[in-house]
Amino acid sequence: QVQLVESGGGLVQPGGSLRLSCAASGSIFSINVMGWYRQVPGKERELVAAITSGGSVNYGDFVKGRFTISRDAKNTVYLQMNSLKPEDTAVYFCQAQLRRESYLVPDHYWGQGTQVTVSS
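Residues numbered from 1 in each chain as written. Predicted model: local features only at pLDDT ≥ 70, side-chain atom pairs only at ≥ 80, totals over all residues. Heavy atoms only, no water.

A word on the sheet that holds strand S7 (residues 67-71). One open sheet accounts for four strands, arranged S1-S3-S8-S7; its pairing is antiparallel. In this open sheet, the two edge strands, each paired with only one partner strand, are strand S1 (2-7) and S7. Recorded for the sheet is a direction-independent mean angle of 15° between the axes of neighbouring strands. Sheet analysis places S1 next to strand S3 (residues 18-26), joined by six bridges and oriented antiparallel. Each residue of the ladder has a partner; that of Leu4, found in S3, is Ala24. (Pairing = 2+ DSSP bridges. Helix = DSSP H or I, 4+ residues; strand = E, 2+ residues; numbered from the N terminus. Axes fitted to C-alpha atoms, helices over the stretch in contact; angles between N-to-C directions.)

This is the structure in structure tokens:
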């Protein structure tokens, strides 16, 4: 069984910062990609940022240099969010593309989501 546990969401004023964390645990052979998505009611889930095991990163167009994704050697991914705007308000989900065993194809796993609210 695999678990992705997110933390770090909350309420912040416009222009403020938050740091999200997501720790993957359980039966994991390797993790190819870890990332963050976000979703607001009535809209599709969208990519915020992703990072590969080799360190390549990809950001959603709306990030525009405000967010930074990073990953440590212990299967934890971080999202540093600066210059937050009210339109960044959403539920943020962690995702991992990983193999549970060497002979299995990679599969996608999701965390439960953490609310980020940007409001004065």
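This brings us to the pairing of strand S9 (residues 90-99). Judged by how many residues are buried, S9 sits mostly within the fold: seven of ten residues are covered. Of the strand pairs in this sheet, strand S4 (residues 30-39) and S9 are connected by nine bridges, and their pairing is antiparallel. By the bridge assignment for S9, Ser30 is matched with Arg99. As paired strands, S9 and strand S11 (residues 114-118) are joined by three bridges and run antiparallel to one another. Bridge pairing in S11 links Val91 to Gln115. Bridging between S9 and strand S10 (residues 107-110) involves four bridges; their strand directions are antiparallel. In the sheet register, Ala96 faces S10, and the bridge partner there is Tyr109. (Buried < 20%, exposed > 50% of the residue type's maximum accessible area, 1.4 Å probe, protein only.)

Tracing the backbone shows Thr114 in strand S11. Polar contacts involving the side chain of Thr114 include one to the main-chain amide nitrogen of Gly9, which spans 3.4 Å. Dropping the residues within four chain positions of it, Thr114 is found in contact with Glu6, Gly9, Leu20, Ala90, Val91 and Tyr92. (Polar contact = N/O pair within 3.5 Å; in protein donor to acceptor, adjacent residues only side chain to side chain. Contact = heavy atoms within 4.5 Å.)

Let us now look at the packing of aromatic side chains. The geometry of an aromatic ring pair is captured by two quantities: the separation of the ring centres and the angle between the planes. With the rule as written, the count across this model stands at two aromatic pairs. When the ring of Tyr37 is compared with that of Trp110, the centres are 5.2 Å apart and the planes differ by 65°; the resulting orientation is edge-to-face. Taken together, the residues span a long stretch of sequence, with Tyr37 in strand S4 and Trp110 in strand S10 at a distance of 73 residues. Taken together, a centroid distance of 6.5 Å and an interplanar angle of 85° make the contact between Phe93 and Trp110 edge-to-face. (Phe/Tyr/Trp six-rings, centres within 6.5 Å; stacked < 30°, edge-to-face > 60°.)

This part is about the pattern of salt bridges. Summed over the entire model, instances satisfying the criterion amount to three salt bridges. Arg38 is the partner of Glu46 in a salt bridge, and the nearest nitrogen-oxygen pair spans 2.8 Å. For Arg38, the salt bridge identified is with Asp88, shortest N-O distance 2.9 Å. Of the two residues, Arg38 is situated in strand S4 and Asp88 in the loop between strand S8 (76-81) and S9; the sequence distance between them amounts to 50 residues. Per residue, the accessibility class of Arg38 equals that of Asp88, and both read buried. (Salt bridge = Lys/Arg side-chain N within 4 Å of Asp/Glu carboxyl O.)

A separate point is the nonpolar core. Core analysis: the biggest nonpolar cluster contains 29 residues, and Met34, Trp36, Val48, Val77, Leu79, Met81 and Tyr92 have the highest contact counts within it. Elements with a contribution of two residues or more to this core: S1, S3, S4, strand S5 (46-52), S7, S8, S9 and S11. Of the residues forming this core, the biggest block, five residues, is contributed by S9. The residues touching Leu79, leaving out its near neighbours within four places in the chain, are Leu18, Arg19, Leu20, Trp36, Val48, Ala49, Phe67, Thr68, Ile69 and Tyr92. (Core = buried A, V, L, I, M, F, W, Y, C linked by side-chain atoms within 4.5 Å.)

In short, shape yes, function no, at least from these values alone.
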